[in-house]
Amino acid sequence: MRNGHRVSGWLDGYVALVTGGGSGIGRAVAERFVTEGASVTILGRNLDRLDEVVRSSPDPSRMHAVAADVRDSDQLHAAVAETVQRFGKLDTLVTNAGIWDYQRQLTRLTGKELSDTFDELFSINVKGYFLAAEAAWRELVKTRGSIVMTLSNASFYVNGGGPVYTASKHACLGLMRELAYELAPKIRVNGVACGGMNTDLRGPESLALQDRSLATSFAKKTTDTPPPPIPLHDSSTDPRDFTGSYVLLASREQSGPITGQAISVDGGIGVRGFASAAGGDHL
Ligand code: NAD
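Note that this is a predicted model, so its numbers are computed, not measured.

Draft legend 1. Region of the structure containing helix α4 (residues 111-125). Over its 15 residues, α4 runs 21 Å from end to end, which matches the ideal 21 Å to within 8%, given 1.5 Å per residue. Among the residues making up α4, those that are buried are T117, E120, L121, F122, S123, I124 and N125. Contacts made by the buried residues of α4 are with α5 (127-143) and α6 (163-183).

Draft legend 2. The arrangement of the site of the ligand in detail. Within the structure, the ligand sits among 28 residues, and S23, N96, Y165, M197 and T199 are positioned closest to it. Side-chain polar atom of R45 to a nitrogen atom of the ligand: 3.1 Å apart, as the coordinates give it. Separating an oxygen atom of the ligand from a side-chain N or O atom of T199 is a distance of 2.6 Å. Within the complex, the protein chains bury 95% of what would otherwise be the 820 Å² of accessible surface of the ligand. Among the secondary structure elements, those contributing two or more residues to the shell around the ligand are α1 (24-35), β5 (146-152) and α6. Partitioned by chemical class, the residues of the shell around the ligand number twelve nonpolar, eleven polar and five charged.

Draft legend 3. Geometry of the side chain of T92. As for its placement among the helices and strands, T92 is situated in strand β4 (residues 92-95). Apart from the residues within four sequence positions on either side, T92 is in contact with Y14, V15, A16, L17, F33, L140, S146, V148 and A250.

Draft legend 4. Region of interest: the sheet that holds strand β6 (residues 188-194). Pairing is parallel across the open sheet formed by seven strands, whose spatial order is β3-β2-β1-β4-β5-β6-β7. Unpaired on one side and paired on the other, β3 (63-67) and β7 (262-265) mark the two borders of the sheet. Each strand axis lies, on average, 20 degrees off the axis of its neighbour in the sheet, ignoring direction. Here three bridges tie strand β1 (residues 15-19) to β4, and the two strands are oriented parallel to one another.

Draft legend 5. Summary view of the packing of α4 against α5. Put simply, α4 and α5 touch, their axes get as near as 3 Å, and they point 30 degrees apart. With respect to their mutual orientation, α4 and α5 come out roughly parallel. Touching F122, S123, I124 and N125 of α4 are K127, G128 and Y129, all from α5.

Draft legend 6. How the structure looks around the packing of aromatic side chains. Considering all chains together, one arrives at four aromatic pairs under this definition. Relative to Y165, the ring of W100 has its centre 6.4 Å away and its plane inclined at 90 degrees; by these criteria the two rings are edge-to-face. Taken together, the residues W100 in the loop between β4 and α4 and Y165 in helix α6 connect sequence positions 65 residues apart. For Y165, a relative accessible area of 8% corresponds to the buried category. Considering the side-chain rings of F118 and F122, the 4.2 Å spacing of their centres and the 20 degrees angle between planes classify their relative orientation as stacked. Highlighted residues: F118 and F122, both in helix α4, separated by four residues, approximately one helical turn.

How each quantity is defined
- Residues numbered from 1 in each chain as written.
- Predicted model: local features only at pLDDT ≥ 70, side-chain atom pairs only at ≥ 80, totals over all residues.
- Heavy atoms only, no water.
- Helix = DSSP H or I, 4+ residues; strand = E, 2+ residues; numbered from the N terminus.
- Expected span 1.5 Å × (residues − 1).
- Buried < 20%, exposed > 50% of the residue type's maximum accessible area, 1.4 Å probe, protein only.
- Contact = heavy atoms within 4.5 Å.
- Near = heavy atom within 4 Å.
- Polar contact = N/O pair within 3.5 Å; in protein donor to acceptor, adjacent residues only side chain to side chain.
- Areas by Shrake-Rupley, 256 points an atom, 1.4 Å probe, with all protein chains shown as cover.
- Nonpolar A, V, L, I, M, F, W, Y, C, P; charged D, E, K, R; others polar.
- Pairing = 2+ DSSP bridges.
- Axes fitted to C-alpha atoms, helices over the stretch in contact; angles between N-to-C directions.
- Parallel < 35°, antiparallel > 145°, perpendicular 65-115°, else oblique.
- Phe/Tyr/Trp six-rings, centres within 6.5 Å; stacked < 30°, edge-to-face > 60°.

Any link to function would need more than the numbers given here.
See the structure below:
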């Protein structure tokens, strides 16, 4: 019983830490985990925003906000320690914080822009996953816990970003597989390869795209262009509809023998692929 309500979900009694939990899919996963019975620390750069998510949570007593930058190992270690101090242990790490490159193609970048964008985007999307895993593994060993990484259709296919984003998400797929091997048998490591979702996903400061939000592009696409050729093209882009696979992979009761796997939740892009975008005519 908690707050007079019987809690009985797939993650009853679990403790999770979600990076980038203040918005988008990270927030949706954190809220779903609470609904499934877990206690969750949400980590992000903007404490006011995180506090607002905690206040509006289904059960604020089972959510905790920590301000940290995923590029900073010390801050990630402190977030893990704070989670254990507050909730007693750590069962699940969801590495999720990321930015997009707004499909900026190689031929539209100067050498300096490419260098700066690579450093910024890889330090968040890739190093941020490395550092969070390093900060958490000791606690995850104690609970026989797991890591669930937010991957992307761009972990498998082209044109889900520009080359910098696509390379970063391919890198995360490799990291997921390598860690699944290295951390077995005590920690499982899996991924959820999301397709397009209507979120606040931002761009790199190095391209002055830090204030651009993907939600604006989604609104524009809905009115200006026909839907993309995705088999389930009328499927939802609401991040809440992408959370089920995170619950499945986090639950050792439901997916105990699964490690090193990515579940694609992308409307079936892999069945048919993206339509050709007439590559090369911009050269
Ligand atoms: P979002 O912007 O709503 O969420 C990303 C979160 O990460 C934000 O809260 C942001 O503040 C946080 N963040 C960014 N940089 C950070 C840093 N340095 N330190 C700490 N927190 C930081 O966007 P989203 O779409 O929910 O993105 C979450 C993940 O989903 C990303 O890894 C993204 O690549 C992936 N993804 C998104 C889509 C999509 O269409 N939106 C598709 C596939 C994969």
